[in-house]
Amino acid sequence: MYHSLIDWHHPQFPIDGLHPLRDDEAARAEVRDMAEYRRYLHAQVAELLTRYGPVEQLFFDFSYAEHVHEGTPVWGGKGAQDWGSEELLTNVRSLQPGILVNDRLGIPGDYVTPEQYQPAEPPTLDGVPVLWEACQTINGSWGYDRDNTTAKSPDLLLRMLVDTVAKDGNLLLNVGPTARGELDPVAANTLRAIGRWMSRHGRAIHGAGPSAYTPPPDCRYTQQGNRLYLHLFAWPFEAVHLPGLAGRVEYAQLLHDASEVPMEVLSTDQEPHMTSAAGLGADTLTLELPVRRPDVAIPVIELFLR
């Protein structure tokens, strides 16, 4: 369940630098009572968590006490004290003991929510790995915007999905329906393309997570039990070399068509000569690939570990 901490329609929500009436002098001169709005906010949340059955996840959005918008600090920004976040979170956990709550109340939550960027490394808090969710849109807008044409390609979104799972995260992908309640053609076609890829590659994503093995350049690993999935963001010429996997793989296949991928370990003392590559070490497994790249958004090789 998503819940906005901000409600610009409420007559007691104080005007600030993000409010649509921020340039209206008469509105800015009004005396508004944040305490009254806070009581309204807490009552709304209590209603949502008591009238609609079990709620597994609550995504609050968002605190902005020291927010900078388009290079300008936001005046009158609101944070944990304004929302009464400590009390609110205590009430949430009391009403729904098993719930997960995000990190946007201005106080720590159960998971963190990087938005519109992909973390270079899995997020940590004080050096400890945390649950996290990458928040992305299909184009540059969270709601439908007719004039926003900066749509991310299905291939790019799929790479974001794979990258997120490889870093032990979840991908939240937003779509914004039009005022007719429909998805625009770009969003619909994007979701169809993602669905086509997932129909053959879903087990490399659903239920999968990070792997302890280090993938080669331009690749990601995800793993589920004894199945290791090599996602090839770039298609190499004839071979891909996997350090640390020699003797550890029983079988390899391309996931989209279940065709076998031959394997070999190039002898350490083998020297390059004409059409023969040099040996790469006794711990490196080499997969022999077709020259022609498979016609899928991201080719995936499923490795059956011993």
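A brief structural summary. Predicted model, so just to flag it, every value in this text is computed and none were measured. (Residues numbered from 1 in each chain as written. Predicted model: local features only at pLDDT ≥ 70, side-chain atom pairs only at ≥ 80, totals over all residues. Heavy atoms only, no water.)

Bringing the overall build of the protein into the picture now. Looking only at helices and strands, the protein has six helices and 16 strands in total. Against the compact-globule benchmark of 19 Å for 306 residues, the protein has a radius of gyration of 25 Å, which places it well outside the compact range. Principal-axis analysis of the C-alpha atoms gives the protein an extent of 80 × 40 × 40 Å. Residue burial in the protein is summarised as follows: out of 306 residues, 42% are buried. Excluding contacts between residues fewer than 6 apart, the proportion of contacts in the protein whose partners are at least 24 apart in sequence is 59%. Of the roughly 17,100 Å² of accessible surface on the protein, a fraction of 51% belongs to carbon and sulfur atoms. Taking the average place of the 24 positive charges on the side chains of the protein and the average place of its 41 negative ones, the gap between the two points comes to 5 Å. (Helix = DSSP H or I, 4+ residues; strand = E, 2+ residues; numbered from the N terminus. Rg over C-alpha atoms; globule rule 2.2 N^0.38 Å. Buried < 20%, exposed > 50% of the residue type's maximum accessible area, 1.4 Å probe, protein only. Contact = heavy atoms within 4.5 Å. Areas by Shrake-Rupley, 256 points an atom, 1.4 Å probe, with all protein chains shown as cover. Lys, Arg positive; Asp, Glu negative; His and termini not counted. Charge placed at Lys NZ, Arg CZ, Asp CG, Glu CD.)

Looking now at the nonpolar core. One finds V45, F60, W83, L88, V92 and L105 to be the most contacted residues of the largest nonpolar core, which totals 22 residues. Listed by contribution, the elements that provide at least two residues to this core are α2 (34–50), β2 (57–61) and α4 (85–95). Ranked by residue count, the leading element in this core is α2, at five residues. Ranked by size, the runner-up nonpolar core spans 21 residues in total, among them M160, L171, A204 and I205. (Core = buried A, V, L, I, M, F, W, Y, C linked by side-chain atoms within 4.5 Å.)

The next point concerns the packing of aromatic side chains. Enumeration over the complete set of coordinates arrives at six aromatic pairs. Seen in terms of ring centroids, Y2 and F59 are 5.9 Å apart; in terms of plane orientation they differ by 20°. Their pairing is stacked. With Y2 in strand β1 (residues 2–4) and F59 in strand β2, this residue pair connects regions lying 57 residues apart in the sequence. Given the relative accessible area of 51%, Y2 is considered exposed. Classification of F59 by relative accessible area gives buried; the value is 9%. Where F62 meets Y64, the ring centres are 5.3 Å apart and the plane angle is 40°; that geometry is what we call tilted. Given a relative accessible area of 23%, F62 falls into the partly exposed group. Taken together, the aromatic side chains of F13, Y37, Y40 and W83 make up a single cluster linked through ring pairs. (Phe/Tyr/Trp six-rings, centres within 6.5 Å; stacked < 30°, edge-to-face > 60°.)

Our focus in this paragraph is the sheet that holds strand β10 (residues 219–224). Where strands meet in a sheet, backbone hydrogen bonds hold them as pairs that are either parallel or antiparallel. Sheet architecture is open: four strands sit in the order β10-β11-β16-β13, paired in antiparallel fashion. The open sheet terminates on both sides in strands that have one partner only, identified here as β10 and β13 (249–254). Within this sheet the neighbouring strands show an average axis-to-axis angle of 20°, counted without direction. Where strand β11 (residues 227–232) lies against strand β16 (residues 300–305), five bridges are found, and the strand directions are antiparallel. Residue H231 lies in a different strand from β16, and its bridge partner there is V300. Contacts between helix α5 (residues 154–166) and the sheet are confined to β10 and β11, with β10 contributing the most and set at about 55° to the helix. (Pairing = 2+ DSSP bridges. Axes fitted to C-alpha atoms, helices over the stretch in contact; angles between N-to-C directions.)

To continue, consider the environment of T150. Residue position: T150 is located in the loop between β8 (133–137) and α5. Overall, T150 belongs to the exposed group, its relative accessible area being 54%. Taking the C-alpha atoms as reference points, T150 and H9, 141 residues apart in sequence, are found 30 Å from one another. Discounting chain neighbours no more than four positions away, the residues touching T150 are I138, N139 and G140. At 3.4 Å, the side chain of T150 and the backbone nitrogen of G140 are in polar contact. There is a polar contact of 2.7 Å between the side chain of T150 and the side chain of N148. (Polar contact = N/O pair within 3.5 Å; in protein donor to acceptor, adjacent residues only side chain to side chain.)

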